[in-house]
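Commentary on secondary and tertiary structure
As a plain string of letters, each chain reads:
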Amino acid sequence: MLEYSVGSSMGRDDLYAELSFNKVQWGEISLSEDKKSVSIIIYPNDNNIMEFRYDEFIALIEKAKNHLLKLEPLVR
């Protein structure tokens, strides 16, 4: 089940929501201290961090969704 928990930390300058699936954290959504930008951060494994600007990430998802809706199903 997809879940989130909101938090803040003395060691960070932003507010964030931790994203989890079946109680395993896989990323976060972070609001900058000046509240002007939002980032989506994904942890694919222990050694990597992928960070995206929220507006670019959502635009890409919408573009992909619209492309998929225009496709015809594969027929065997």
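These lines cover the structure that appears in this document, whether it is placed above or below. For every chain, the first residue of the written sequence is number 1, and numbering continues from 1 onward in sequence order. With the structure being a predicted model, the display of local features is reserved for residues of pLDDT at least 70 and the display and counting of side-chain atom pairs for 80 or more, all residues being used for whole-chain, interface and lining totals. Side-chain numbers come from the whole structure's heavy atoms, not from hydrogens or water.

Here we come to a nonpolar patch on the surface. On the surface, a nonpolar cluster with roughly 370 Å² of combined accessible area is contributed by Ile29, Val38, Tyr54, Ile58 and Ile61. Looking at the nonpolar patch element by element, the count peaks at three residues for helix 1 (residues 54–70). On the secondary structure map, Tyr54 appears in helix 1. Using a 1.4 Å probe on the protein chains alone, a residue whose accessible area is under 20% of its type maximum counts as buried, one over 50% counts as exposed, and one in between counts as partly exposed. Look at Tyr54 and you get partly exposed, because its relative accessible area is 40%. Each patch groups residues whose relative accessible area exceeds 30% and which form no salt bridge, using 9 Å between like charges and 5 Å between nonpolar side chains of Val, Leu, Ile, Met, Phe, Trp and Tyr. To be clear on the numbers: accessible area is Shrake-Rupley with a 1.4 Å probe, and residue cover counts the displayed protein chains and nothing else. A side-chain nitrogen of Lys or Arg and a carboxyl oxygen of Asp or Glu constitute a salt bridge if their distance falls within 4 Å. In this text, helices come from DSSP runs of H or I with a minimum length of four residues, and strands from runs of E with a minimum of two, each type numbered from the N-terminal end.

A separate point is the pattern of salt bridges. Using the criterion set out here, one finds five salt bridges in the structure. Where Arg53 meets Glu56, a salt bridge forms, and the shortest distance between an N and an O atom there is 3.2 Å. Shared partners join several salt bridges into a network, and the residues in it are Arg12, Asp14 and Glu28.

Backbone geometry at Asn22 places phi at a positive 50°, although glycine is not the residue there. If you trace the backbone, Asn22 turns up in the loop between strand 2 (15–21) and strand 3 (24–31). Unlike most non-glycine residues, Lys23 shows phi in positive territory, near 70°. Checked against the element boundaries, Lys23 lands in the loop between strand 2 and strand 3. By relative accessible area, which is 73% here, Lys23 ends up exposed.

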